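Each chain, written out:
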Amino acid sequence: MKLPLPAGDFQAYLFDCDGTIVDSMPLHYIAWKTALGEWNCPFPEDLFYSWGGKPVDEIISTLNQMNGLNMPVEEVGVRKEGLYFDLLAELKAIPEVVEHIDAQYGHIPFAVVSGGRRNSVVRSLTTVGLLDRFETIVGAEDYVLSKPAPDAFLLAAERLDVAPANCLVFEDTDLGIQAATAGRMLSVRVPSQMERR
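Reading the values: the criteria
Residues numbered from 1 in each chain as written. Predicted model: local features only at pLDDT ≥ 70, side-chain atom pairs only at ≥ 80, totals over all residues. Heavy atoms only, no water. Axes fitted to C-alpha atoms, helices over the stretch in contact; angles between N-to-C directions. Helix = DSSP H or I, 4+ residues; strand = E, 2+ residues; numbered from the N terminus. Parallel < 35°, antiparallel > 145°, perpendicular 65-115°, else oblique. Left-handed = near helix turned anticlockwise from the far one by under 90°. Contact = heavy atoms within 4.5 Å. Nonpolar A, V, L, I, M, F, W, Y, C, P; charged D, E, K, R; others polar. Pairing = 2+ DSSP bridges. Core = buried A, V, L, I, M, F, W, Y, C linked by side-chain atoms within 4.5 Å. Buried < 20%, exposed > 50% of the residue type's maximum accessible area, 1.4 Å probe, protein only. 1 Å grid on protein atoms, 1.4 Å probe; cavity = no way out; pocket = protein on both sides within 12 Å on 5 of 7 lines; lining within 4 Å. Points joined across faces, edges and corners; volume = space filled by probe spheres on them. Phe/Tyr/Trp six-rings, centres within 6.5 Å; stacked < 30°, edge-to-face > 60°. Lys NZ or Arg CZ within 6 Å of the ring centre and 35° of its normal.

Chemist: Please clarify how the packing of helix α1 (residues 25-37) against helix α4 (residues 73-86) should be interpreted in this entry.
Modeler: The description of two packed helices rests on the angle between their axes and on the distance between the axes. The N-to-C vectors of α1 and α4 enclose an angle of 135°; their axes lie 8 Å apart at closest approach. One finds that α1 runs oblique with respect to α4. Helix-helix and strand crossings are classified by hand; for α1 and α4 the assignment is right-handed. Residues L27, H28, A31, W32, T34, A35 and L36 of α1 touch α4, and the partners they reach there are V76, R79, K80, E81, L83 and Y84. Split into classes, the residues belonging to the contact of α1 with α4 amount to eight nonpolar, two polar and three charged.

Structure (structure tokens):
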């Protein structure tokens, strides 16, 4: 399957990480189910996918409110990340996206813009041998308003010194596409694992 790009002379590519560069969403869901199961907190798979791009702490806080729970946000977040790291040996890159990274690497700068924490992004990209391709990583620690707000993408454009209108965003979630559009950036939707079969 090819991943067609919109027409334009783009000066930078901005990539989400989970579900976009790396096929990590199924592994993250396993980690979430295990970590939240320890607190008897439900997390239906359709809700997990609809929240793609939402930072870990925000997910736990929202689940607390929805379920009348008082899970310790930091502790559960660290536990969930640890469980994800235990599964990293199974992680693979998404070939359709890597094709575009390979085609433009060295010609234009790349950034990763993630709802995940930087250490999670770094470990994922290191696992698939792509970390050195990116000039900068914008992680959940770097902004206040998460996707669908455009802040994370705008920060990446600023760090690369490229006007937002000249950036192309690669995203797998609705929240991410909305954030790119809010930042006046064109985007490419990366199909989910199920859609790519």
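Picking up after the structure, the text goes on.
Chemist: Whenever I open this one, the sheet that holds strand β5 (residues 186-189) confuses me. Can you help?
Modeler: Note: strands within a sheet are paired through backbone hydrogen bonds, in either parallel or antiparallel orientation. Spatially, β3-β2-β1-β4-β5 is the arrangement adopted by the five strands of the open sheet, whose pairing is parallel. Here the strands that pair on one side only, and so sit at the sheet edges, are β3 (136-138) and β5. When the angles between neighbouring strand axes are averaged without regard to direction, this sheet yields 25°. Here strand β1 (residues 12-15) runs beside strand β2 (residues 110-113); their pairing, made up of three bridges, is parallel. Across the sheet, L14 pairs through a bridge with A111, a residue of β2. Across the sheet, helix α8 (residues 174-182) lies against β4 (167-171) and β5, angled at about 165° from β5, the strand it touches most.

Chemist: Any chance you could explain the nonpolar core here in plain terms?
Modeler: One broad rule of soluble globular proteins: the nonpolar side chains tend to lie buried together. Counting 33 residues, the largest nonpolar core has Y13, F15, I21, V112, L125, F134 and F170 as its most contacted members. For this core, the secondary structure elements donating two or more residues are β1, α1, α4, α5 (95-104), β2, α6 (118-127) and β4. When residues no more than four places from it in sequence are discounted, the contact partners of L125 are C17, I21, V112, L130, L131, F134 and I137. In this structure, V113, A152, V162 and M185 belong to the second largest nonpolar core, which totals 17 residues.

Chemist: Whenever I open this one, empty space enclosed by the protein confuses me. Can you help?
Modeler: If a probe as big as a water molecule is rolled over the atoms, it shows which places are left empty. Taken as a whole, this structure holds one cavity of 30 Å³ or more when the rule is applied. In this structure, the largest cavity spans a volume of roughly 240 Å³. Lining the largest cavity are 21 residues, and of these D18, M25, G53, K54 and G116 sit closest to its centre. Sorting the residues of the lining of the largest cavity by element identifies α1, α3 (56-67) and α4 as the ones contributing at least two each. The element contributing the most residues to the lining of the largest cavity is α1, with three residues. For the lining of the largest cavity, a count of residues per class yields six nonpolar, eight polar and seven charged.

Chemist: Would you take a moment to explain the packing of aromatic side chains for this structure?
Modeler: Aromatic ring pairs are reported here in terms of the distance separating the ring centres and the angle at which the planes meet. This structure, assessed with the given rule, holds 15 aromatic pairs. An angle of 90° between the planes, with centres 5.9 Å apart, marks the rings of F43 and F48 as edge-to-face. A relative accessible area of 1% places F43 in the buried class. Three or more aromatic residues joined by ring pairs form one cluster here, namely Y13, F15, Y105, F110, F134 and F170. Lying across the ring of W51, K54 places its NZ or CZ 4.9 Å from the centre. The ring of Y105 has R133 sitting right over it, with the charged end atom 4.7 Å from the ring centre.

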